[in-house]
Amino acid sequence: MSDNGNAKHVKVLILGSGPTGYAAALYAARAELQPVVLTGTQLGGQAALTYTIENYPGFPDGVGGAELGELFQKQAERFGAVTEFDTANAVDLSKRPFRVTTDNGEYLADVLIIATGASPNHLNIPGEAELTGRGVSYCATCDGWFFKDKKVVVVGGGDSALEEGLFITRYASSVTIIHRRDTLRAGAILQKHAMSHPKIKFIWDTVVTEAIGTDKLEGVKLRNVKTGEESTLETDGLFIFIGHTPNTQMFKGQLEMTDLGYIKVNEKMETNVRGVFAAGEAADPHFRQVITSAGMGAAAAISATRLLEAESE
Ligand code: NAP
């Protein structure tokens, strides 16, 4: 790392500290590129908010998401990766080295690996924003504990909704999963667990149209999408798991993206800008698993290493 004016000049700058970011850091560090990882606001990324990860190979009994994140970090740092508790706000990809402006300063990077991941979608209904943290939540691992012996509603029909709904049954007296269709998107095993759980019930073909409450959530307004019938359900918690949006806003206009905002990459994790790589959920609408994200992070770092080697010849 060297100072260039006030900007720190690094060979490899990695944006994001989830499985993608630290897998990239591990490979770049072992290639002796002294990568710098900017953590972003959530050290360990979304995986760190997951209570147990049961499908990451090597952990036959499962592993805590936060624990796995710490192991990734430790392993990358052992080979010289540097972690900076900092968040990138703006990038200039028009020339190399790329200029990245952060909360705490500025970096110049010969190579940039984007591992900024994705964030949970919101319903955008009245009351949702006002009651977030007062009954409305997007993270069962973070907030489930607050709902001990309370009634909770979960929105969504995918793996996240069922997995998180099952997790909340540890605390809540009841978990009502509200899904806009009558068929779940979630995998078969999760469906089986949720359907047979005594604390879980389902409301089908229904959307939540309002979060009700002043100081804290008191209930939700519902609408049956088939009959149009409206009703109110008392609840202490509203957990929303309706998919994710990639954290790629800051690259708009500079990198090619899909209509949904995923960065377009080739099989080498190269973007349309030479020297900029993207991996994990910022570029992947399909798999969104810890193992696939980590694999893409490693691939991005290998490609970055090859590029820097070729350029130094
Ligand atoms: P997802 O699979 O996209 O599911 C989102 C769910 O929310 C769908 O059921 C969808 O309904 C519903 N939904 C979307 N917008 C809505 C709205 N505005 N109002 C009401 N409902 C809405 O998202 P996810 O569950 O977060 O999973 C994302 C990816 O991560 C998937 O590939 C999943 O397999 C993976 N994942 C895997 C695990 C695991 O392996 N253990 C755990 C978590 C996530 P429709 O079904 O009608 O579209």
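This is a predicted model, so every value here is computed, not measured. For every chain, the first residue of its written sequence is number 1, and the numbers climb from 1 along that sequence. The predicted nature of this model means local features are confined to residues of pLDDT at least 70 and side-chain atom pairs, given and counted, to a pLDDT of 80 or more, with totals for whole chains, interfaces and linings taken over all residues. Each side-chain value is derived from all of the structure's non-hydrogen atoms; neither hydrogens nor water enter the calculation.

J.: What is the right way to look at the sheet that holds strand β18 (residues 237-240) in this model?
T.: Sheet strands line up and pair through hydrogen bonds in the backbone, either parallel or antiparallel. Taking strand neighbours across the sheet as the criterion, the five strands line up as β11-β18-β12-β13-β14 in an open arrangement whose pairing is parallel. Strand pairing shows two members of the sheet lacking a second neighbour, β11 (136-137) and β14 (200-203), which therefore form its edges. As defined by bridge partners, strand β13 (residues 174-178) adjoins β14 across four bridges and the pair is classed as parallel. Along β14, the bridge assignment pairs Ile-178 with Ile-203. Any pair of residues with heavy atoms lying within 4.5 Å of one another is described as a contacting pair. Axis angles are defined between N-to-C directions and span 0 to 180 degrees, where every axis is a line fitted to C-alpha atoms and, for a helix, only to the segment in contact. Elements are defined by DSSP. Helices are runs of H or I of four residues or more, strands are runs of E of two residues or more, and each kind is numbered from the N terminus. Its contacts with the sheet place helix α4 (residues 159-168) against β12 (151-155), β13, β14 and β18, and it is angled at close to 170° to β12. When DSSP locates at least two bridges between a pair of strands, those strands are taken to pair.

J.: What is the right way to look at the sheet that holds strand β17 (residues 230-234) in this model?
T.: One open sheet accounts for three strands, arranged β15-β16-β17; its pairing is antiparallel. Both outer strands of the open sheet, β15 (206-213) and β17, are each paired with one neighbouring strand and no more. Pairwise comparison of adjacent strand axes, ignoring direction, gives a mean angle of 25° for this sheet. With five bridges joining them, strand β16 (residues 217-224) and β17 adopt antiparallel strand pairing. Bridge pairing links Val-220 to Leu-233 in β17.

J.: Explain the domain arrangement of the protein chain here, please?
T.: For the protein chain, the domain assignment lists domain 1 (2-119 + 244-312) and domain 2 (122-240). At the interface, four residues of domain 1 touch seven residues of domain 2. The term buried area refers to how much accessible surface (probe radius 1.4 Å) is lost by two components on association, counted for both of them together. Here domain 1 packs against domain 2, burying approximately 440 Å² in sum over the two surfaces, 62% of which is carbon and sulfur. Ranking the residues of domain 1 by area buried against domain 2 places Leu-49, Thr-50 and Tyr-51 at the top, with a combined share of 87%. Between Lys or Arg on one side and Asp or Glu on the other, a salt bridge is scored when a side-chain nitrogen of the former is within 4 Å of a carboxyl oxygen of the latter. In this structure, the connection of domain 1 to domain 2 is made through zero salt bridges. We call two N or O atoms a polar contact when they sit within 3.5 Å, provided that within protein one can donate a hydrogen and the other can accept it, with sequence-adjacent residues counted only if both atoms are side-chain atoms. At the junction of domain 1 with domain 2, the criterion picks out one residue pair in polar contact (both at pLDDT 80 or more). Looking at side-chain class alone, the side of domain 1 that touches domain 2 contains two nonpolar, two polar and no charged residues. Domain segmentation is taken from an automatic or database assignment of domains. In this count, Pro and Cys sit with the nonpolar residues alongside Ala, Val, Leu, Ile, Met, Phe, Trp and Tyr, while Asp, Glu, Lys and Arg are called charged and the others, Gly among them, polar.

J.: Quick question: what am I supposed to make of the nonpolar core here?
T.: One broad trend across soluble globular proteins is that nonpolar side chains are buried collectively. By nonpolar core is meant a set of buried Ala, Val, Leu, Ile, Met, Phe, Trp, Tyr and Cys residues that side-chain atoms within 4.5 Å join together. Here's how the labels work: a residue is buried when its accessible area is under 20% of the maximum for its type, exposed when over 50%, partly exposed in between, all with a 1.4 Å probe on protein chains only. Core analysis: the biggest nonpolar cluster contains 33 residues, and Val-12, Ile-14, Val-111 and Ile-113 have the highest contact counts within it. The set of elements that each furnish at least two residues to this core consists of β2 (7-15), α1 (19-30), α2 (65-78), β9 (106-114) and α6 (290-312). At eight residues, α6 tops the list of elements feeding residues into this core. Excluding residues that lie within four positions of it along the chain, Ile-14 makes contacts with Gly-21, Ala-24, Ala-25, Pro-35, Val-36, Val-37, Leu-38, Ile-113 and Ala-115.

J.: Just to check I follow, could you spell out the site of the ligand for this structure?
T.: Only a single heavy atom is needed: when it lies within 4 Å of a molecule or strand, its residue is near that molecule or strand. Not every one of the 19 residues close to the ligand is listed here, only the nearest: Asp-159, Ser-160, Arg-181, Arg-185 and Arg-288. In the model, an oxygen atom of the ligand is placed 2.6 Å from a nitrogen or oxygen of the Arg-185 side chain. Only the protein chains shown count as covering a residue, and every accessible area follows the Shrake-Rupley method with a 1.4 Å probe. Contact with the protein chains removes 75% of the 910 Å² of surface that the ligand exposes when unbound. Of all the elements, α4 adds the most residues to the shell around the ligand, at three residues. For the shell around the ligand, the class distribution of residues is four nonpolar, nine polar and six charged. For the shell around the ligand, the two domains that each supply at least three residues are domain 1 (2-119 + 244-312) and domain 2 (122-240).

J.: Please explain the packing of aromatic side chains as it appears in this structure.
T.: For any pair of aromatic rings, the description rests on two quantities: the centre-to-centre distance and the angle between the ring planes. Any two of the Phe, Tyr and Trp rings considered here, Trp counted by its six-membered ring, make a pair once their centres fall within 6.5 Å; the pair's planes then place it as stacked at under 30 degrees, edge-to-face at over 60, or tilted in between. By the definition in use, this model includes seven aromatic pairs. Ring geometry for Phe-147 against Phe-239: centres 5.3 Å apart, planes inclined by 75°, an arrangement best described as edge-to-face. On the criterion of sequence distance, the pair formed by Phe-147 in the loop between α3 (140-143) and β12 and Phe-239 in strand β18 is long-range, its members being 92 residues apart. Residue classification places Phe-147 among the buried residues on the basis of a relative accessible area of 8%. Residue Phe-239 is classed as buried on the basis of its relative accessible area, which comes to 0%. A centroid spacing of 5.7 Å and a plane angle of 70° characterise the contact between Phe-167 and Tyr-171, whose relative ring orientation is edge-to-face. Just as Phe-167 is buried, Tyr-171 falls in that class too.

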